Amino acid sequence: MVIKKVDIIQPLFERLKAGSEKDYNGTLVFGLAAQPGGLKNPVALTVIKYTGEESLKLAAASIPAGLSLIGIVEFDNDEEQELYSRLDNVSDAFLLKVCDRKMIATTGLDYLQNLHLNVVTPEEFWEKMVCTFRIQGKFLINSILEFPDLKECFDKAKARVFNQAAYTIGKKSNITILPRSGHFVSEIPLKPAAKVSDIMSGLKQEIAENKESSNVYFCPSMSLINVKMVQDQSKSTLANSAALIVSDKTAWCKLFEHYVDIDVLVIVPSCMSGDQLYRKFNLAVSSQLQFGFHSNIVQQLGNSISAEKPQVYHLWPGFSQHFVTVLYPQNTSEEKLKDRRHELHNLYFARATRPFFRRPSALFQPTIGLISPHATLRGKYSETEIISGHYEYRHYMQEDFNDDGWGCAYRSLQTIVSWFRLQGFTATNVPSHREIQECLVSLGDKPPSFVGSRQWIGSTEVSFVLEALLGISCRIIALHSGDEMASRVSELLSHFKIHGTPVMIGGGVLAHTLIGASREPDSDNNVNYLVLDPHFTGKDELKTILGKGWVGWKDNNFWSKKDFYNMCMPLLPSAI
């Protein structure tokens, strides 16, 4: 088909326009391809750095299924023939050319035909243009740990997917896609020529529940549907909980027999014909078996005679607006995975100062309270800075623990620790009130009687705990009264822009968490502060918390003119 337009997601558009050949050398574009029965125009979603076949294999393992190579990026006149050759077998391939912070799109013979370039917002893309399916299931893999045997085993596993796999769409089993034929069995009415959008309509209640789920914090407007993969499994001598490697000293080889946990994301256009879903799902599972599990085990065997079970993690890196899926061996330290993370940073042009690909920042993990309830709030004034990343909004009475009247600073500290954990800086769990008290006693800051008490803590104690548990340094700013807050707004704006971490502020008998600041330029009067109030005692319901102002923008009158304040400002470390 002949394309006339290219859609590009806004964050990618802004990144490329601000970049240069030095920043994005050897850039391939991945996204949704235009195809009959689907999108009329390709959509550019992300870019990778091409360094050879290994980079394409890593991309195949980490980019969601449904996305494919669709174009290349060229800066000024840096023609790279090897990049062009990667597009030889790509239908309707296009070139994004960036020059003097402007971008054009071309296609056709020698890429001389201009295309209209249309920028779409992440919300528009994820909510209106596509549907995301998350396929989960178990798959029995049984092989000798030798390269030829492993390859044969995974080849047979992929064949079983195409011959035996069935898919149940939706947690309530409303829709099932049968093996081989790909026909639907559904409790909801579906037309013979049903589209993905029709399936979404039938599961709109589940989609709404997923949007409200506290642990789906990457893009609130996304349409996410759970899918269960089922198949006729061969019998195994091992239970699902069996050890991955079974061996003894007299054995001539090691055996691999385990149920691997399939967990794959599939992105498809909502306008796509429903009868294409079965093939899309099969290709997605097959790809994860080959480029995920098989490649991971082979990579482990390059450095060892045994292998740990690969585990799937879905991430939403802060520099992008899309999923990245990684497989890491179980029982392996973050330090040992550092080289793998370096490869991912290099692949996605990510700066090597933030831990975008660590396991603690994985999505779909259990969380406490609401995640980033401020996400829909915007600053009132033109000069606005808000924290980057996500956090758990911690407040009084959560987890059935009564700290009403004394635990506000503890809750603020918990919110800050959750931020560092969800950004991947630490694997340390969010400490309980007792663990915070025990930490302060171990540091010699408090007497033993402090443990189990209801005594308050302040910003200084918060900084001590952050340093002891996470190795995070903090800056403390003292204010004689709330009247001084406006004069400190420049420092707050700078902090949120450079470090992007939540700030604990304590004054009088109250503590709060600052996550943003907004002001009219060069004004100390027109100033707002984005505040998380830990004194809330109700249920974690977004409508109530935002509607009643427990999370919201406050002006200068929010701060007491009679009390002094201390601000604890955690500094951002460099990590990968």
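Details of the structure are given in the entry above.
Read on for a plain summary of the structure. No experiment lies behind these values; they were computed from the predicted model shown.

**So, the packing of helix 10 (residues 408-422) against helix 11 (residues 433-442)**
Part 1 of the argument: Two elements in contact, helix 10 and helix 11, have axes whose closest approach is 10 Å; the angle formed by their N-to-C orientations is 95°. Overall, the two elements helix 10 and helix 11 adopt an arrangement that is roughly perpendicular. Taken together, the residues of helix 11 that come into contact with helix 10 (itself represented by Y410, R411, L413 and Q414) are H433, I436 and Q437.
Part 2 of the argument: Partitioned by chemical class, the residues of the contact of helix 10 with helix 11 number 3 nonpolar, 3 polar and 1 charged.

**Concerning the environment of Q330**
Part 1 of the argument: For Q330, the position within the fold is in the loop between strand 16 (324-329) and helix 9 (338-347).
Part 2 of the argument: C-alpha separation for the pair Q330 and L96, spaced 234 residues apart in sequence, amounts to 40 Å.

**Here's the deal with the packing of aromatic side chains**
Part 1 of the argument: One pass over the full model with this rule turns up 24 aromatic pairs.
Part 2 of the argument: A ring pair is formed by Y313 and Y328, whose centres lie 6.1 Å apart and whose planes are at 40°; its orientation type is tilted. Placement of Y313 in strand 15 (residues 310-315) and of Y328 in strand 16 is noted, with a sequence separation of 15 residues between them.
Part 3 of the argument: For Y313, a relative accessible area of 18% corresponds to the buried category.
Part 4 of the argument: According to the relative accessible area criterion, Y328 is buried, its value standing at 1%.
Part 5 of the argument: Arranged with centres 5.0 Å apart and planes meeting at 85°, the rings of W316 and F323 form a pair that is edge-to-face.
Part 6 of the argument: With relative accessibility at 0%, the residue F323 sits in the buried group.
Part 7 of the argument: An aromatic cluster is present here, built from F125, W126, W316 and F323 joined pairwise through their rings.
Part 8 of the argument: The positively charged end of R134 is found above the aromatic ring belonging to F364, 4.0 Å away from the centroid.
Part 9 of the argument: K446 extends its terminal NZ or CZ atom over the ring of F450, reaching a point 5.4 Å from the ring centre.

**Describing the nonpolar core**
Part 1 of the argument: In this structure, L96, F125 and W126 are the most contacted members of the largest nonpolar core, which totals 72 residues.
Part 2 of the argument: In this structure, L370, Y391, A511 and L514 belong to the second largest nonpolar core, which totals 57 residues.

**Comments concerning the sheet that holds strand 2 (residues 27-32)**
Part 1 of the argument: Read once around its circumference, the closed barrel built from 7 strands follows the order 1-3-2-4-5-6-7, with strand pairing classed as mixed. Going across the sheet, the axis of each strand differs from the next one's by a mean of 40°, ignoring polarity.
Part 2 of the argument: Here 5 bridges tie strand 4 (residues 68-75) to strand 5 (residues 94-99), and the two strands are oriented parallel to one another. Along strand 5, the bridge assignment pairs E74 with K97.
Part 3 of the argument: Strand contacts of helix 1 (residues 10-17): strand 1 (5-9), strand 3 (43-49), strand 4, strand 5, strand 6 (102-107) and strand 7 (113-120), with the helix running at about 90° to strand 1, the strand carrying the most contacts.

Thresholds, definitions, all that
- Residues numbered from 1 in each chain as written.
- Predicted model: local features only at pLDDT ≥ 70, side-chain atom pairs only at ≥ 80, totals over all residues.
- Heavy atoms only, no water.
- Axes fitted to C-alpha atoms, helices over the stretch in contact; angles between N-to-C directions.
- Helix = DSSP H or I, 4+ residues; strand = E, 2+ residues; numbered from the N terminus.
- Parallel < 35°, antiparallel > 145°, perpendicular 65-115°, else oblique.
- Contact = heavy atoms within 4.5 Å.
- Nonpolar A, V, L, I, M, F, W, Y, C, P; charged D, E, K, R; others polar.
- Phe/Tyr/Trp six-rings, centres within 6.5 Å; stacked < 30°, edge-to-face > 60°.
- Buried < 20%, exposed > 50% of the residue type's maximum accessible area, 1.4 Å probe, protein only.
- Lys NZ or Arg CZ within 6 Å of the ring centre and 35° of its normal.
- Core = buried A, V, L, I, M, F, W, Y, C linked by side-chain atoms within 4.5 Å.
- Pairing = 2+ DSSP bridges.

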